[in-house]
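Next come the chains, spelled out residue by residue.
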Amino acid sequence: MRAADRWRAELQAWVIPQRLLDAAEESPYGWPPWIWERLSAAGRSAPPPPTLEVVRRLAGEHGSVLDVGAGRGRASLPLAVAGHDLTAVEPDAGMADGFEEEASRLRVSARLVRGRWPEVAGQVSEADVVMSANVVYDVADIGPFVAALDGAARRGVVVDMTERHPRVVIAPLFRAVHGVDRPSGPSVDDLVDVIVEEVGVRPEVERWERPASLWFESWDEIIAFYGKSVTLPIARRPELRPLLEPQVTEEDGRLYVGKRMGQHSTLWWRPER
């Protein structure tokens, strides 16, 4: 099986069974605004991730940057602040609005293309560096996605991702409350295989870790968040507390679930043309 097909199969295995979706009282997809606000605040106060340094090194002092799946700009707007010419691609209307708000708050100019990659690749010019952060696990058709990243870059492509699919951490909850097994991937190594297959280049990989940035004010927030994620009816959500309690820690009045250090990777390569 081709690497891209394996990637697609892993992501398809994450699809929540229809019987659970039908019984859910709210969609398990999407995050409430307060989560993005906390993540953005954490990003502004944290040291620059290795990904940012890789982009800067490849782009040079005045190189242009294209951010694919930019979200609210947490990964790329610091580059605009530093003087790089930035173009962002974002398909979600709410995220795109948030990007424009953040750019305005930071008083920087950045071009925004609303649409899904690679469908809108023809609407953007080549950039010295093309980056994509925390996006690939949402892309089932990964082959054309990666090929279009490579095709739009003059000097380099940089991908930022967690070591494994981020929902791996809630797989035990699905098993406990629904009796449904979840996949164990895909992972960074799977994407490496896709890149080799699609563009003929083996990317450099830097593995790193940083403190988890998602925190909760109360157990009510925790139960609501994870209950929604595993499509558990509201009446049954108290079942989650004994399952989650061993994973919850408190620091400075904030509650964290799971390991305090998140595992991340930065992949990068230079286009061969």
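Scroll up to find the structure this text is about.
The sections below set out a description of the structure shown in this document.

About the thresholds
Each chain has its residues counted from 1, running along the sequence as written. pLDDT decides what is reported in this predicted model: residues at 70 or higher carry local features, side-chain atom pairs at 80 or more are listed and counted, and totals for whole chains, interfaces and linings draw on all residues regardless. By convention in this description, side-chain values take in all heavy atoms of the structure and omit both hydrogens and water. Centre distance within 6.5 Å is the pairing criterion for rings of Phe, Tyr and Trp, where only the six-membered ring of Trp is used; planes under 30 degrees apart are then read as stacked, over 60 as edge-to-face, and the remainder as tilted. Per the convention used, a helix needs a DSSP run of H or I reaching at least four residues, while a strand needs a run of E reaching at least two, with both numbered from the N terminus. Under the scheme applied here, a residue whose accessible area is under 20% of the maximum for its type counts as buried, over 50% as exposed, and between as partly exposed, the area being computed with a 1.4 Å probe on protein chains only. What is meant by a nonpolar core is a set of buried Ala, Val, Leu, Ile, Met, Phe, Trp, Tyr and Cys residues, joined one to another through side-chain atoms within 4.5 Å. The contact criterion used is simple: two residues touch if any of their non-hydrogen atoms lie within 4.5 Å. Note: two strands are recorded as paired if DSSP finds a minimum of 2 bridges between them. By convention, orient the strands away from the viewer: a clockwise path from the first strand over the helix to the second makes the crossover right-handed.

**A closer look at the packing of aromatic side chains**
And step 1. Scanning all chains against the criterion turns up 5 aromatic pairs.
And step 2. On the numbers, 5.7 Å between centres and 5° between planes, the contact of W7 with Y137 is stacked. With W7 in helix α1 (residues 3-13) and Y137 in the loop between β4 (127-133) and α7 (142-151), this pair connects stretches of sequence that are 130 residues apart. Assigned by exposure class, W7 and Y137 land together as buried.
And step 3. Measuring from ring centre to ring centre gives 5.0 Å for F225 and Y226, while their planes differ by 85°; the resulting arrangement is edge-to-face. Taken as a pair, F225 and Y226 share a single burial class, namely buried.
And step 4. Here the aromatic cluster, defined as three or more aromatic residues joined through ring pairs, consists of W34, F216, F225 and Y226.

**A look at the nonpolar core**
And step 1. Counting 36 residues, the largest nonpolar core has W117, I142 and L191 as its most contacted members.
And step 2. Listed by contribution, the elements that provide at least two residues to this core are α1, β1 (65-68), β4, α7, β5 (153-162), α9 (188-199) and β9 (261-269).
And step 3. With residues up to four places along the chain from it excluded, the contact list for W117 reads L66, V68, V89, V124, F145, A148, L149 and A152.
And step 4. Membership of the second largest hydrophobic core comes to 23 residues, among which are I35, Y226, V230 and L232.

**A word on the pairing of β5**
And step 1. Counted residue by residue, β5 has 7 buried out of 10 residues, so it is predominantly covered.
And step 2. The pairing of β4 with β5 spans 6 bridges and is classified as parallel. Residue V130 lies in a different strand from β5, and its bridge partner there is V157.
And step 3. The parallel pair β4 and β5 is bridged by α7, and the resulting crossover is right-handed.
And step 4. Across 6 bridges, the pairing between β5 and β9 is antiparallel. Pairing of V159 across the sheet is with L267, part of β9.

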